[in-house]
Structure formats: structure tokens, C-alpha cells
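Residue-level listing of the chains:
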Amino acid sequence: MPFLARSPAKTKVQDSRLSSKSPLLFSLLDKLDPEKRYEILDCGPASAGSIDTLSNYHCKLYITDSRSELCAMDTKELDSAHKLNRAFVKSLQFYKSHKASLDLILLWDLPNYLQADILSALVTYLLPHTNKDAYLHCYIHTASMMPATPGKYSIMEDSQVRVEYNSDDKRPCPAYYQEALHKLMYPFKVKRSILHTNGIQEYLLSQK
Amino acid sequence: MIDMKQIRENVSSKMKTNQQNDTQLLNETRQASKQGGTSAIGSSIHITGTVSGDEDLIIDGHVEGNVDLKGHNVIVGKHGQVQANIEANNIVVEGNLNGDLIGEEKVIIRETGNVHGNIVSPRVTLEDGALFKGSIEMEPRQMNVVKKNTSSGEAADTKKQSA
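The paragraphs below set out a description of the structure included in this document. (Residues numbered from 1 in each chain as written. Chains lettered and ligands numbered in written order. Predicted model: local features only at pLDDT ≥ 70, side-chain atom pairs only at ≥ 80, totals over all residues. Heavy atoms only, no water.)

1. Quick look at empty space enclosed by the protein
Then step 1. A full pass over the atoms with the stated rule returns three cavities of 30 Å³ or more.
Then step 2. Along the walls of the second largest cavity sit Ser47(A), Ala48(A), Lys152(A), Ser154(A), Arg162(A), Glu164(A) and Asp128(B), which together make up its complete lining.
Then step 3. When contributions to the lining of the second largest cavity are tallied by element, the ones reaching two or more residues are β8 (152-155) and β9 (160-164) of chain A.
Then step 4. For the lining of the second largest cavity, the class distribution of residues is one nonpolar, two polar and four charged. (1 Å grid on protein atoms, 1.4 Å probe; cavity = no way out; pocket = protein on both sides within 12 Å on 5 of 7 lines; lining within 4 Å. Points joined across faces, edges and corners; volume = space filled by probe spheres on them. Helix = DSSP H or I, 4+ residues; strand = E, 2+ residues; numbered from the N terminus. Nonpolar A, V, L, I, M, F, W, Y, C, P; charged D, E, K, R; others polar.)

2. Points about the packing of helix α5 (residues 81-92) of chain A against helix α6 (residues 116-126) of chain A
Residues and elements named next belong to chain A.
Then step 1. The contact between α5 and α6 brings their axes to 10 Å, and the two run at 70°. By the angle class used here, α5 and α6 are roughly perpendicular. Contact residues: Leu 84, Asn 85, Phe 88, Val 89 and Leu 92 in α5; Ile 118, Ala 121, Leu 122, Tyr 125 and Leu 126 in α6.
Then step 2. Classifying every residue of the contact of α5 with α6 gives nine nonpolar, one polar and no charged. (Axes fitted to C-alpha atoms, helices over the stretch in contact; angles between N-to-C directions. Parallel < 35°, antiparallel > 145°, perpendicular 65-115°, else oblique. Contact = heavy atoms within 4.5 Å.)

3. Observations regarding the nonpolar core
Then step 1. Core analysis: the biggest nonpolar cluster contains 54 residues, and Ile51(A), Leu54(A), Val67(B), Ile86(B), Leu101(B), Phe132(B) and Ile136(B) have the highest contact counts within it.
Then step 2. At six residues, the largest contribution of residues to this core is made by strand β5 (residues 81-93) of chain B.
Then step 3. Residues in contact with Val67(B), not counting those within four places in the same chain, are Val51(B), Leu57(B), Ile59(B), Val74(B), Ala84(B), Asn85(B), Ile86(B) and Glu87(B).
Then step 4. Formed by 36 residues, the second largest nonpolar core is a distinct cluster that contains Phe88(A), Ile118(A), Leu181(A) and Leu184(A). (Core = buried A, V, L, I, M, F, W, Y, C linked by side-chain atoms within 4.5 Å. Buried < 20%, exposed > 50% of the residue type's maximum accessible area, 1.4 Å probe, protein only.)

Here is the structure:
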């Protein structure tokens, strides 16, 4: 199911590009203090809109463009904590010796595409690089099918987030419930969530 | 508290204006190159070491090491293959770059650009289609304007003193 399924004709910007409101993400951005410096992790590819919007804040933006590497991770091959950690370091490049201090993690729709154990391990890996009051933002598909690959997200004007998919192909969706997310993303807990009209649930999680 | 609504309304118009200014910068530097005011590293040239100087530079060849051109502009052309840290006033990347960038004014990654490294600059522009992996250290534009306005008097005083 594309990002906005209800009125694709209206929201379709260009072939596979769709836009949608993202109230939780923008409510969080609204609260950012212009006097403070923030560290933000964007697990998706670099996008002009996100960089331009976030350049209005004093922030360090980490763009890891790590969708394909993370989705390809398999616990059958990465069968030890050491191997997993090495794979995450290679993909995300956060080192124990040079810790980040993340205030916001933008996972976009990645949790739907990662093996459950990989998702848990990812959160565990990021934890030492995360502030105690950090937020984690993600989109969870709730329908039975979802796009075959994660989307490329871009923060746009007018509280819109644009998403672009590589193809129209679909695949079965894990359709995580809130309780499942609590387990998979421990110690992050759901602070707020909104079910969008297209069946995508927007989540904002934090440790507090 | 930041007025996000206003910021978002301004983002599109800013992006258009920025793109026009960026294109102007690129054209001016290329024009200066033709007139002899800029050096160029051709596509068959390989340089290993530190590149420094007192003029703008266009890199269409291979550079490994460091490029130190504070106060000047550096363009990594479409054929440029750079494995170096670059420090300059404005940096435009149209080719491949693996290294850290410090742009005193701005860093622009064009649609053909592919950058792997960390960027520190008050203004970073990424065109659609450009590839980037790394970190970007940014300061808000509104704060920069305030800083520039308040520091311009100090800068003028310093110049007077040094003169």
C-alpha cells in the first residue's frame, strides 16, 4: 500500500513520489529549542528537503543511508553480538571510542523491513550513542501488505513528509502492534502514536 | 521557540533562491578559470599530498591528501576523483569525494555529486539525486544572519586596527 492510499491522484507528486502529513514528527520539530544544539540520526538516504529544513536548527545531522545494509542483515550469518556490532559499525559508523549524543533518531519505515532480532540489536547498538531524553520516530505499516522496499523520506514544507518508492511491488507486512514495539525497541517506549488514514501508524518513542 | 510554520513557508523560496545563487557561484568560478584567475587540475592529473594556494581551484582529476584553500572556492568537477579533506570558503562537489569538508560559507553537492565524509559548514545544499553519507554540522541560518550582523561591526573594527 503506498504511503497515501486514500487519494493518490491528489497526493501523487511525480511517478512514485507521495506526500503525507506527519503530525508527530512536526510537533517534535516545533518543540526544538533554537538555542540548543541537537544531534539527529537519519537512517535513510540524504534528501535535499530534510537537510534544508533541519539546517534551520543548530544541529549535527548524521546521514547513514544504511537501508539496504540493515535490511540485508541476517541473524543466521550475524550469529554473535560481536559480529552484529561489527556490521552495525560498518553500516552506521558510530564507534565506542567516539560516541555520538543523539537527540532524535529517524528510522522512517525501516522497522517493518528488518528482522525482529536485528531491530532489537540496532536499538541496543544505538543506545550508548543516545541521550536519555532522546526520541525515536518511525512509521509502522498496519495493513497485510506493504511496499517491497523501504521508502526514501524527505521532510518538506507545510508539515509534509515526501516518500519515494523504487517500485510498486508489495510484500507481506509484519504489522507490529505497540506491545511488540515495546519489546523490540526496549528501553524505548511509545509516547505517542497516530494511525494515518492510509493504514500507516506514526510512532514517537522515548526512554522516559 | 522557532516559528516552524514560517520556516516551512520560507524553505521552498529559499531553496529556489539558493539554487540560483549556487549556479551563479559555479559559473563565476568557471568563468574566472577561463580568465586565468582560477587553477584547474585536469582529468589526467594525479596529485598526492597537500594542495594549498591563494586562488580558486577546479578539480577534474585525482587528488589524494589535503586541499587547503581557506578564503577561496573549490569545485570538484564531474570527472573529479578526490580522496582528501578540503577546507575552503565555498565548496561545490559534482564528482566523487571521500573526505571531510569544511566550508567557511557553504558546501553544495550537485546532483551528480557523491560524497562520503563529514561536512562542517553554516550552509549545506544537496541537490536531488546527489549521494551523501556522513555527518553534517550545521548552524541555523537565522542565527548566522544575526551573528554576521553583530560581528560585521567587530570585523570592520579589526580591519581598521590592522590597517
